[in-house]
Amino acid sequence: MSAVGATSIAKPSASGQAPGNLRHIAIIMDGNGRWAKKRMLPRLAGHRKGIEAVRAVSRAAREEGIRILTLYAFSSENWRRPAEEISDLMGLLRHFIQTDIDELDDNNVRLRVIGDHNAFAPDLVTLIDGAVQRTADNTGSTLVIGLNYGAQDEIVRAARKLAGRDPATIDAAALEAALDTGDLPPVDLLIRTSGEQRLSNFMLWQAAYAELLFVDTLWPDFGKAALAEAIATFNLRERRFGGL
């Protein structure tokens, strides 16, 4: 698994949390379509295999002691895809929640959603909200799913929340608290699969000082071993937090 990483720069969050070891991993899950194309399969087959990777990686993250795993599942730009593919993705999301919520709850995992998922069909919104509410009091680890999420939109929504305040009271900590992830620590390690090397409007604020890791592995092939390798790479980084 080849990788290209950022230089070691990191700092405490704006909320004042001191940096620790690896607490928060965020992943841009990319490559489902290319995985399917290489095998001359429909794109839906790649997305289905990608769901299997979600299960494998979320379980592996718990085993590794990762407190927070954030997955970029459906971006605000994904609405530009063909209607049939969007319908397939929504169906897979429904199935994942219905079939996996018991496992998440049984393992004390809190499910969180970032983004504006209220744009989805009403029955899917109800299903998502129910799963989030069911696991809200779980204290083991947190699985965050980005649904209809875009970082620029998130920052705009946060700014609107603060618009009526005295400008003198608005600082980085205030804006951070108004984000969808306001109660979560910043991203320590951001991984993108499939060889692409861009953030694609994902967690631009939260990953400002994250270690970046771009791997060639397509998302459906990214599993427990690949996550362990990514964590090992992270542990070799020297994070100076802006110092020498």
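All chains use their own residue numbering, which begins from 1 and follows the written sequence. In keeping with the predicted nature of the model, local features appear solely for residues at pLDDT of at least 70, side-chain atom pairs appear and are counted solely at 80 or more, and the whole-chain, interface and lining totals rest on all residues. To get the side-chain values, take all heavy atoms of the structure and skip hydrogens and water.

1. Focus: the confidence of the model for the protein
pLDDT expresses how confident the predictor is about each individual residue, on a scale running from 0 to 100. Overall, the prediction assigns the protein a mean pLDDT of 91, with 90% of residues at 70 or greater. Residue contacts follow a heavy-atom distance rule, with two residues in contact if any of their heavy atoms lie within 4.5 Å. Below pLDDT 50 for its whole length, residues 2-20 participates in 48 contacts with residues either more than four positions away or in separate chains.

2. Describing the pattern of salt bridges
A carboxyl oxygen of Asp or Glu within 4 Å of a side-chain nitrogen of Lys or Arg is what we treat as a salt bridge. Evaluated as defined, the whole model comprises 20 salt bridges. Taking the shortest distance from any N to any O, the salt bridge between Arg34 and Glu196 comes out at 3.4 Å. You can see Arg34 sitting in helix H1 (residues 32-38) and its partner Glu196 sitting in the loop between strand E6 (189-192) and strand E7 (211-215), a full 162 residues away along the chain. Residue burial is assigned from relative accessible area. The probe radius is 1.4 Å, only protein chains are included, and a residue is buried under 20% of its type maximum, exposed over 50%, and partly exposed in between. You can call Arg34 partly exposed: its relative accessible area is 33%. Among the residues examined, Glu196 registers a relative accessible area of 23% and is labelled partly exposed. Elements are defined by DSSP. Helices are runs of H or I of four residues or more, strands are runs of E of two residues or more, and each kind is numbered from the N terminus.

3. Comments concerning the environment of Trp219
In this structure, Trp219 sits in the loop between E7 and helix H7 (224-236). The spacing of Trp219 and Glu52 is 167 residues in sequence and 9.9 Å in space, taken between C-alpha atoms. Those residues in contact with Trp219, other than ones at most four positions away along the chain, are Ile27, Met29, Asp30, Gly31, Asn32, Gly50, Ala53, Val54, Val57 and Thr193. Each polar contact in these results corresponds to two N or O atoms within 3.5 Å; when the atoms are within protein, one needs to be able to donate a hydrogen and the other to accept it, and residues that are neighboring in sequence are counted only if both atoms are side-chain atoms. Of the polar contacts made by the side chain of Trp219, one reaches the backbone oxygen of Gly50; its length is 3.0 Å.

4. Observations regarding the pairing of E6
Of the two faces of E6, both are covered, the one formed by Leu189 and Ile191 as well as the one formed by Leu190 and Arg192. One ladder, built from four bridges, connects strand E2 (residues 24-28) with E6; its direction is parallel. Looking across to E6, one finds that Ala26 is bridged to Leu190. Only when DSSP finds a minimum of two bridges between them are two strands counted as paired.

5. Considerations on unusual backbone geometry
The backbone of Met40 shows a phi angle near 55 degrees, a positive value even though the residue is not glycine. Examined against the element boundaries, Met40 turns out to sit in the loop between H1 and helix H2 (43-63). Judged by relative accessible area, Met40 falls into the exposed class, the value being 77%.

6. Brief notes about the nonpolar core
Residues belong to one nonpolar core when they are buried, are Ala, Val, Leu, Ile, Met, Phe, Trp, Tyr or Cys, and are joined through side-chain atoms within 4.5 Å. Judged by nonpolar contacts, the single largest core of 45 residues is most densely connected at Ile25, Ile27, Phe120, Ile191, Phe222 and Leu227. Element by element, the count of residues in this core is highest for helix H3 (residues 83-106), at nine residues. Excluding residues within four positions of it along the chain, Ile25 makes contact with Ile66, Ile68, Leu69, Thr70, Leu189, Ile191, Leu227 and Ile231. In this structure, Ile28, Tyr72, Ala207 and Phe214 belong to the second largest nonpolar core, which totals 17 residues.

7. Quick word on the side chain of Asp180
Note on placement: Asp180 falls in the loop between helix H6 (172-178) and E6. A relative accessible area of 15% means that Asp180 is categorised as buried. At a separation of 2.7 Å, a polar atom in the side chain of Asp180 contacts the side chain of Arg157.

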